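One letter stands for each residue in the lines below.
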Number of protein chains: 2
Amino acid sequence: MKRRTTINDIAKELNITAATVSRALSNHPEISAKTKKTVQEAAKRLDYTQNQIASSLRSGKTHVIGVMIPTAEHPFFGSVIHGISNLASKNGYAVLIYQSNESYDYEVQGIKTFIGARVDGIIASLSKETSDYTHFLDAKKRNIPIVFFDRVNDDLGIPCVVIDDYQGAYFATEHLIKQGYRRIGHISGPQYIKAFNERLKGYVSALQANQIPFDPALVYQGNISIEAGKAGTRHLLSLESAPDAIFTVEDFTALGVLKELKEQSITVPGQFGLFGFSNELFSAHTSPALTTIDQQTVPMGEESFTLLHTMMETGRTDTMKIILDPIPIIRESALPKH
Amino acid sequence: MKRRTTINDIAKELNITAATVSRALSNHPEISAKTKKTVQEAAKRLDYTQNQIASSLRSGKTHVIGVMIPTAEHPFFGSVIHGISNLASKNGYAVLIYQSNESYDYEVQGIKTFIGARVDGIIASLSKETSDYTHFLDAKKRNIPIVFFDRVNDDLGIPCVVIDDYQGAYFATEHLIKQGYRRIGHISGPQYIKAFNERLKGYVSALQANQIPFDPALVYQGNISIEAGKAGTRHLLSLESAPDAIFTVEDFTALGVLKELKEQSITVPGQFGLFGFSNELFSAHTSPALTTIDQQTVPMGEESFTLLHTMMETGRTDTMKIILDPIPIIRESALPKH
DNA sequence: CTGAAAGCGCTTACAG
DNA sequence: CTGAAAGCGCTTACAG
């Protein structure tokens, strides 16, 4: 096991000091072009790579950011990471990943890991279990900039990036109305998750703005799953005045609706309209293809990094909130009623 | 900006030396229980977290591994990362992520980043562009253990984890035969990718083992896309003696086949059989649902980490290869012919 | 059981 | 333009 070459090796080789080598390699303005050249050549010849660990210890900057996600198994988070990681690389930052697996304890553990690793900043999406935020406040107290995305908390003075769930739901509901559907049901998700609550609000507002009275009986409380979509559909169709369209809180639920309607031989679209939310990978490939709302996952990651980057470089700590537009993806399931 | 507390602060507070604090915190056997207790209390009181950077510089171990993937946007890699990251956390390792974005240059850049960060080991899946491997050999020369997964190279003496593509394809083809299909076509992918070549071989072997002569005319060369599935289907159906079943190299291709057959009003299954490969997230939700081969993504990540872990802890360098079983997922698209 | 001392590989304020 | 020196926060061989 050969020892790796250091700036001291290069210094010895060239009969100069390590300080000069260090400055030459970091392109310090006061070093002569000639010295830079010989140092760079020697570095190459001796197969030198800078030890970031030593550099970090001395400079106090690691150029590493920590990214906390519920799980890398969900394509949504993979996609956000894609956005974060590409911009991070481009700006000279490495990305440390930690999964909470939707567990509060793991999330706390992950933040501890980030603090121990002396990351320069943290980007995080909260676990479902999290309702105590001291671990984040702890990181904040240590002057580590934090940005939340998607699953955020507004009360901590922590900047965040989200999409406008209210507007997305409003658009979806109004779109169904414009396509000629008149009684529009909603299959919702757990209301303690803010995004789902916002979507419910957008649904209600769109109805009222279009002179359709809001009927609470048309809202089914699901748990974001195919099964919830099926059960919700069965329930809504059993009502005395059943809906002729459904807006679902997300696409797995919409998929369940689609399956149930197929079993009941109800035609989508035309006879019945369906609008989902989240634009999952399967949504383009159901039949009929799902009309839904895209959540801008890659831009969400990019905006999160950009925000964090600003905070890391400038030391700004004011609370910024970036709200991305929801993007309607018009496919087949909400084509006009006939 | 308060300075973070160090072992020196604790030492001063307790009138002992930093060495003792360090030993107490790392639970050194020769330190008295009493000292350990007071140190731990002081550490808690002063809100101490160990500086891993300093520890790494001194000990030469970072307890960080680097994971190189083509892109986090593909759920396959997200899922593998899930497996890697969970085991890594459990074993006290942090995970640094780098995306090659299928580019050779970025891949080289990523390995440089890993070397600079002094990672203790590397797990990687090759970019499509990569045919020169000096960057990996360079890392290996620096005694950084490496494990390849899925997109591997067998000629470098680098351990790897893959699934048995040959066996998976063999199973798929034979399954179609057992279900009563007789002329089985194959829509393949680029042959320079080893996995795709293996799947072709498995297909051929299964035919021959079942006394069905291999007809090269029934193999369509695609590029793993929905469009390739459609085009391949059109081509195969135009043949004088068209197939009554297709085995596709992966599920997007299978989805294309499904769409084309639907357009031509050919019934799947029964009239026509279809077997995919890779078990994408959408595959359970097409109609009919796709029968396919699961690639064991999470176990692949876990096995990769376990292998790397062994190498990091024991210094073993012999070339190990782990071949995971392909898991048949029997759904609807390959139900018996009638 | 604990201390004194050296050193991991850098960076940077100070000096010339 | 370059050098000498100190120090980032730990760990560990050596000594007692």
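How each quantity is defined
Residues numbered from 1 in each chain as written. Chains lettered and ligands numbered in written order. Predicted model: local features only at pLDDT ≥ 70, side-chain atom pairs only at ≥ 80, totals over all residues. Heavy atoms only, no water. Near = heavy atom within 4 Å. Polar contact = N/O pair within 3.5 Å; in protein donor to acceptor, adjacent residues only side chain to side chain. Helix = DSSP H or I, 4+ residues; strand = E, 2+ residues; numbered from the N terminus. Nonpolar A, V, L, I, M, F, W, Y, C, P; charged D, E, K, R; others polar. Contact = heavy atoms within 4.5 Å. Buried area = accessible area lost by both parts, 1.4 Å probe. Salt bridge = Lys/Arg side-chain N within 4 Å of Asp/Glu carboxyl O. Pairing = 2+ DSSP bridges. Axes fitted to C-alpha atoms, helices over the stretch in contact; angles between N-to-C directions. Phe/Tyr/Trp six-rings, centres within 6.5 Å; stacked < 30°, edge-to-face > 60°. Buried < 20%, exposed > 50% of the residue type's maximum accessible area, 1.4 Å probe, protein only. Lys NZ or Arg CZ within 6 Å of the ring centre and 35° of its normal. Core = buried A, V, L, I, M, F, W, Y, C linked by side-chain atoms within 4.5 Å. Least-squares fit on C-alpha atoms with pLDDT ≥ 70 in both. Parallel < 35°, antiparallel > 145°, perpendicular 65-115°, else oblique. Left-handed = near helix turned anticlockwise from the far one by under 90°. Right-handed = clockwise from strand over helix to strand, strands pointing away.

A. Region of interest: the protein's contact with DNA strand C. In the vicinity of DNA strand C, 22 residues are found, and the nearest of them are A:Ser22, A:Arg58, B:Thr20, B:Thr35 and B:Arg58. The share of sugar and phosphate among atoms of DNA strand C within 4 Å of the protein is 59%. The contact in question runs from a phosphate oxygen of DNA strand C to an N or O atom on the backbone of B:Ser32, over 3.2 Å. The set of elements that each furnish at least two residues to the surface near DNA strand C consists of helix 2 (18–25) and helix 4 (52–59) of chain A together with helix 2 (18–25) and helix 4 (52–59) of chain B. Split by residue class, the surface near DNA strand C holds eight nonpolar, nine polar and five charged.

B. Expanded view of the interface of chain A and chain B. Across the contact, 54 residues belong to chain A and 54 residues belong to chain B. Between chain A and chain B the total buried area reaches about 4500 Å² when both faces are included, carbon and sulfur atoms providing 54% of it. Taken together, the links from chain A to chain B amount to two salt bridges. Across the salt bridge formed by A:Asp47 and B:Arg142, the nearest N and O atoms sit 2.9 Å from each other. Taken together, chain A and chain B are joined by 27 residue pairs in polar contact (both at pLDDT 80 or more). Elements that contribute at least two residues to the side of chain A that touches chain B include exactly helix 4, helix 5 (75–90), strand 2 (94–99), helix 6 (104–116), helix 7 (134–141) and helix 11 (251–263) of chain A. It is helix 5 of chain A that contributes the most residues to the side of chain A that touches chain B, eight residues altogether. Where strand 2 of chain A and strand 2 (residues 94–99) of chain B come together, three bridges link them in antiparallel fashion. Residue pairing for strand 2 of chain B: A:Leu96 is matched across the bridge by B:Leu96.

C. Layout of the sheet that holds strand 8 (residues 245–248) of chain B. All names here are of chain B. As summarised here, the arrangement of the four strands in space is 7-6-8-9, forming an open sheet in which the pairing is parallel. The open sheet is flanked by strand 7 (219–221) and strand 9 (273–275), the only strands paired with a single partner. The average undirected angle you get between the axes of adjacent strands in this sheet is 15°. Examined bridge by bridge, strand 8 and strand 9 share three bridges and lie parallel to one another. Note that in strand 9 the partner of Ile246 across the bridge is Leu274. Running at roughly 170° to strand 6 (residues 184–188), helix 9 (residues 194–209) makes contact with strand 6, strand 7 and strand 8 of the sheet. Helix-sheet contacts for helix 11 (residues 251–263) involve strand 6, strand 8 and strand 9, and the interaxial angle to strand 8 is about 155°.

D. Region of interest: the packing of aromatic side chains. For the structure shown, the criterion picks out 20 aromatic pairs over all chains. Both rings, one in B:Phe171 and one in B:Phe275, keep their centres 6.3 Å apart while their planes meet at 75°; by these two values the pair is edge-to-face. Taken together, the residues span a long stretch of sequence, with B:Phe171 in helix 8 (residues 165–178) and B:Phe275 in strand 9 at a distance of 104 residues. Given a relative accessible area of 0%, B:Phe275 falls into the buried group. Measuring from ring centre to ring centre gives 6.4 Å for B:Phe247 and B:Phe277, while their planes differ by 50°; the resulting arrangement is tilted. Of this pair, B:Phe247 sits in strand 8 while B:Phe277 sits in the loop between strand 9 and strand 10 (292–294), placing them 30 residues apart in sequence. For the pair formed by B:Phe247 and B:Phe277, the shared burial category is buried. Here the aromatic cluster, defined as three or more aromatic residues joined through ring pairs, consists of A:Phe76, A:Phe77 and A:Phe149. It is A:Arg199 that lies over the ring of A:Phe277; its NZ or CZ is 3.8 Å from the centre.

E. Summary view of the protein's contact with DNA strand D. In the vicinity of DNA strand D lie 22 residues, with A:Thr20, A:Thr35, A:Arg58, B:Ser22 and B:Arg58 positioned nearest. For DNA strand D, the backbone portion of the atoms within 4 Å of the protein, that is sugar and phosphate, comes to 59%. A:Thr35 places a side-chain nitrogen or oxygen 2.6 Å from a phosphate oxygen of DNA strand D. Of all elements in the fold, only helix 2 and helix 4 of chain A together with helix 2 and helix 4 of chain B reach the threshold of two or more residues within the surface near DNA strand D.

F. Fine view of unusual backbone geometry. The omega torsion across A:Ser287 and A:Pro288 is 0°, close enough to zero to call that bond cis. By secondary structure assignment, the location of A:Pro288 is in the loop between strand 9 (273–275) and strand 10 (292–294). In this structure, B:Pro269 follows B:Val268 across a cis peptide bond, with omega equal to -10°. Checked against the element boundaries, B:Pro269 lands in the loop between helix 11 and strand 9.

G. Broad picture of the pattern of salt bridges. A complete count under the given rule lists 32 salt bridges over all chains for this structure. Notably, a salt bridge pairs B:Arg234 with B:Glu227, separated by 3.9 Å at the nearest N-O pair. Its relative accessible area of 46% is what places B:Glu227 among the partly exposed residues. In this structure, a network of salt bridges that share partners links the residues A:Asp47, B:Asp138, B:Lys141 and B:Arg142.

H. Spotlight on the nonpolar core. Core analysis: the biggest nonpolar cluster contains 117 residues, and A:Ile65 and B:Ile65 have the highest contact counts within it. Dropping the residues within four chain positions of it, B:Ile65 is found in contact with B:Ile84, B:Tyr93, B:Ala94, B:Val95, B:Leu96, B:Val119, B:Gly121, B:Ile123, B:Phe305, B:Leu308 and B:Met312. Counting 48 residues, the second largest nonpolar core, distinct from the first, contains A:Leu96, B:Ala94, B:Ala124 and B:Ile158.

I. Main features of the environment of B:Phe252. Positionally, B:Phe252 belongs in helix 11. Through-space distance from the C-alpha of B:Phe252 to that of B:Gly202 is 20 Å; in sequence the pair is 50 residues apart.

J. Summary view of the relation of the copies chain A and chain B. Superposition record for chain A on chain B: RMSD 0.0 Å, screw rotation 180°, translation along axis 0.0 Å. Overall, the copies show the geometry of a two-fold rotation axis. When the interface residues of chain A are mapped onto chain B, 100% of them again lie at the interface, so the same face is used by both copies.

K. Seen up close, the packing of helix 8 of chain B against helix 9 of chain B. Residues and elements named next belong to chain B. Orientation of helix 8 relative to helix 9, taken along the N-to-C sense of each, is 40°, at an axis distance of 7 Å. Taken together, the axis directions place helix 8 and helix 9 in an arrangement best described as oblique. Judged by the sense of rotation from one axis to the other, the crossing of helix 8 with helix 9 is right-handed. Where helix 8 abuts helix 9, its residues Asp165, Tyr166, Ala169, Tyr170, Thr173, Glu174 and Ile177 lie against Ala195, Glu198, Arg199, Lys201, Gly202, Tyr203, Ser205, Ala206, Leu207 and Ala209. Split by residue class, the contact of helix 8 with helix 9 holds nine nonpolar, three polar and five charged.

L. View of the pairing of strand 2 of chain B. Residues and elements named next belong to chain B. Burial within strand 2 is extensive, with six of its six residues counted as buried. Across the two faces of strand 2 the burial is the same, with Ala94, Leu96 and Tyr98 and Val95, Ile97 and Gln99 all buried. Alignment of strand 1 (residues 64–69) against strand 2, held across six bridges, turns out to be parallel. Along strand 2, the bridge assignment pairs Ile69 with Gln99. Handedness of the crossover joining strand 1 and strand 2 through helix 5 (residues 75–90) is recorded here as right-handed.

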